[in-house]
Each structure stands twice: as C-alpha cells, then as structure tokens.
Amino acid sequence: MNTIARLSAFGTALALVIGGAYGVGAAVGPLDAVTASPEHSSDTGGTGHGGGDGHGGAADDASDLPGGLASSLSGYTFTPTVSTLTLDDTDDFTFRITGPGGEAVTAFDVEHDRRMHLIVVRRDGSAFQHLHPTMAPDGTWSVPLRVHAAGSYRAFADFTPTGATAVTLGVDLTAPGLFEPIAHLPDRHASVDGYEVTLAGDLVGAQASPLTLTVRRDGQPVTDLEPYLGAHGHLVALREGDLAYLHVHPDGGDTSAGPDIPFVADVPTEGRYRLFLDFRHDGVVRTAEFTVPTGPAGPDAATTSPAAGHADDSHGH
Ligand SMILES: [Cu+2]
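Calculation notes
Residues numbered from 1 in each chain as written. Predicted model: local features only at pLDDT ≥ 70, side-chain atom pairs only at ≥ 80, totals over all residues. Heavy atoms only, no water. Helix = DSSP H or I, 4+ residues; strand = E, 2+ residues; numbered from the N terminus. Buried < 20%, exposed > 50% of the residue type's maximum accessible area, 1.4 Å probe, protein only. Contact = heavy atoms within 4.5 Å. Areas by Shrake-Rupley, 256 points an atom, 1.4 Å probe, with all protein chains shown as cover. Donors = N, O, S within 2.8 Å, 3.2 Å for Na, K, Ca; no water. Pairing = 2+ DSSP bridges. Phe/Tyr/Trp six-rings, centres within 6.5 Å; stacked < 30°, edge-to-face > 60°. Axes fitted to C-alpha atoms, helices over the stretch in contact; angles between N-to-C directions. Core = buried A, V, L, I, M, F, W, Y, C linked by side-chain atoms within 4.5 Å.

### Re the overall build of the chain
So, step 1. Helix and strand counts for the chain come out as 3 helices and 18 strands.
So, step 2. Here the chain holds 317 residues, and the buried ones make up 42% of them.
So, step 3. Here the analysis covers contacts within the chain between residues at least 6 apart in sequence; of these, 64% occur between residues at least 24 apart.
So, step 4. Carbon and sulfur atoms provide 53% of the accessible area of the chain, an area that totals close to 14,500 Å².

Right, here's the structure in full:
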C-alpha cells in the first residue's frame, strides 16, 4: 500500500513495470507516519520503524495515507464529466461524487463555509486555483475553471459527505499543448499584487510544525486581514513528487487579523512541499505560494540558486 502510493508520482504504467518492488513496502514506507503522534521520530533512513509491523497491521490501510492520492476511497469516487481541459475554455468544469452505492452523493456537510472545495494545480506545482463549485439537485457540481497553460493537472475534491468523515479525492486532468514545466526553487517569500508574504518556522516531516505567515503591503504590516472561509487564512500543502494533499488551518482561535497568521502544519513525511496561502484583504482573495523543504529554515532555505535560472516566470502565459 505504501509503495503504491509512493509510486503514484510516476504513474501507473511505471508502477506496473517495477511492480516487483512492492515487496519492499514494509521496509521503505514512512507514509504511515501520517497518523503518528507528534513526538514520533520521523525516520527516513529506509530501515523502517516499529520492526516493520506497520505493514499488514490493523492501522495500515488507505485511511493512513495523505489525502488526494486516490480518485476513489472509502466508497467515494471523484468522477469528472470530462478529463481534458481546453485552454481558456469558458465552459464550466463539472463532476460528480458517487457514494458507496454508486449513486451521486447529494448531501454534504459545510466545512469552512462551503460544501465543496476544489483545488486545481498543474502537476509541476504551478497554476494553483482554489474554487468553490455549486451543486445541482442531481449531485452534479460545476464551476468555471480556466487554465491558461498546457500540461497535466491534478484536481482535488475536498468534502465531507453527510454522516461520513472528510475525504479528499484527486483526479488528473489534461490540457493538451506544449508543456513547459516550471521548476520551483525553495522560497519562503511570495509576492502577489503588491503584497509580500513571508513564511517562518521549520517544516518537519511527521510532526506538528508551527509556521507563521506574515503579510505586508508596500513594506507595511497588514493588520486588517478579512475572514475568508471562516478563518484569516487557508493554507494548502502539496508534497512535491506526488502532490499528496494537506489542508492546514490557522492555529488556535485565529483571532489575529494580521500581519501574522499562525498555522500548525502536519506534513506526512520529509520532503519538499508547495504551500499555498489564500488570504483576503480589501475584499479580494489572493494566493501566496512558497516552496519549502522539510528541515531547519537555514539561510539556504530562502536562497535562490543561479544554477536554476530556467525556473523564472518568463514563460509568457
Ligand atoms: Cu475552499
């Protein structure tokens, strides 16, 4: 199970080719650390933990995995009407969530002000969108979805069926055309529409990691952030390599209107993560994005390497 999830980054075909590697899952799979207690010592040395009894144990099932890695889980399936996106299409993106009986689910709980959160991001971690579709009585969800660059995208449906626990399902969508991947270098500073957002704190795999995001505009702290979806900020973390999905909410009572927004992120493993902060100010929701490796936030964490000059934003799309 763990190995399957780890391989999902490379696609099903590759997973089948090297299917013989499944047998090593018990030795290499740290993913079940997602349910470990905060004091759990993350062990990425490849020697396993707990003597390997995490594999085959009662706790070792799909529910231990990070969200978004499967299109179907716990009886629920995320089915887009079409999986091909046309660039700059003006048609709505539509999908259904089917339940254990195969019928479309129509009863969802409100979580963070909405019954459905749809996250769309290109598989290289670019072009993040956080959308809120509306549902027709037959359970068909629809939302305007505009993509302006070709490539493979991942769509995440984050929802709670009434009477069930929250689930995040993911499907791939494809926008045909010439794909120009963007490499994302570690960066704890984001600029968006004249706002500067910085990220402080160490991101540690398999541990609750306090993070602080600070919002400034024109060098001045922004102290009147507006609530958005019931909080002063929403943070989504996606693991590089397989886009494992983690929705993070502000720490504690979230009484601060800025400039600092405290979060506790509990990323499942060591690795590098794309972090997307949605915040609202002056009535507009904006997204600040970061690329953060786990480990201490040393001086190199925010350094841009000239060696990767192709990673700029000058693709003109
Ligand atoms: Cu949402």
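Now that the structure has been shown, we can carry on.
### Some thoughts on the coordination of the copper ion
So, step 1. Looking at the metal site, the copper ion is ligated by H117 (ND1), H130 (NE2) and H132 (NE2), spaced 1.8 to 2.0 Å from it.
So, step 2. Counting the intervening residues between successive donors of the copper ion yields the motif H-x12-H-x1-H. In terms of burial, H130 and H132 fall into one category: buried.

### Digging into the pairing of strand β11 (residues 195-200)
So, step 1. Burial along β11 is one-sided: Y195, V197 and L199 are buried, and none of E196, T198 and A200, which face the opposite way, are.
So, step 2. As consecutive antiparallel partners, strand β10 (residues 189-192) and β11 are separated by 2 residues, and within that stretch D193 has a phi angle of approximately 50°, a positive value.

### A word on the packing of aromatic side chains
So, step 1. Scanning all chains against the criterion turns up 9 aromatic pairs.
So, step 2. Ring centres 6.4 Å apart and planes at 75° place the aromatic pair Y76 and F159 in the edge-to-face group. Of this pair, Y76 sits in strand β2 (residues 76-80) while F159 is found in strand β8 (residues 151-159), placing the two residues 83 residues apart along the sequence.
So, step 3. Residue F159 is classed as buried on the basis of its relative accessible area, which comes to 1%.

### What about the sheet that holds strand β4 (residues 117-122)?
So, step 1. Taken together, the 4 strands give an open sheet; going across it, the order is β5-β4-β8-β9, and neighbouring strands pair in antiparallel fashion. Looking at strand neighbours, the two that pair on one side only are β5 (129-131) and β9 (167-175), the edges of this open sheet. The average angle at which neighbouring strand axes cross in this sheet is 20°, direction not considered.
So, step 2. Pairing analysis gives 9 bridges linking β8 to β9, with the strands arranged antiparallel. Following the sheet pairing, F156 is matched in β9 by G170.

### Let's talk about the sheet that holds strand β15 (residues 245-248)
So, step 1. The strand order across the open sheet formed by 4 strands is β15-β14-β17-β18, and the pairing between neighbours is antiparallel. The sheet is open, and its two borders are formed by β15 and β18 (284-293), each paired with just one other strand. Between one strand and the next, the sheet's axes are offset by a mean angle of 20°, whatever the strand orientation.
So, step 2. Pairing of strand β14 (residues 234-239) with strand β17 (residues 272-281), which is carried by 6 bridges, proceeds in the antiparallel orientation. Its bridge partner lying in β17, V236 is registered against F276.

### Observations concerning the side chain of R154
So, step 1. Position of R154 among the secondary structure elements: in strand β8.
So, step 2. Relative accessible area serves as the criterion here: at 8%, R154 is assigned to the buried category.

### Quick look at the nonpolar core
So, step 1. Grouped together as the largest cluster of nonpolar side chains are 26 residues, with contacts concentrated most on F78, I97, L118 and F159.
So, step 2. Contributing elements (two or more residues each) for this core: β2, β3 (92-98), β4, β7 (140-144), β8 and β9.
So, step 3. Take this core: its biggest share by element is 5 residues, from β9.
So, step 4. Those residues in contact with F159 that sit more than four places away from it in its chain are Y76, I97, F108, R115, M116, A166, V167 and L169.

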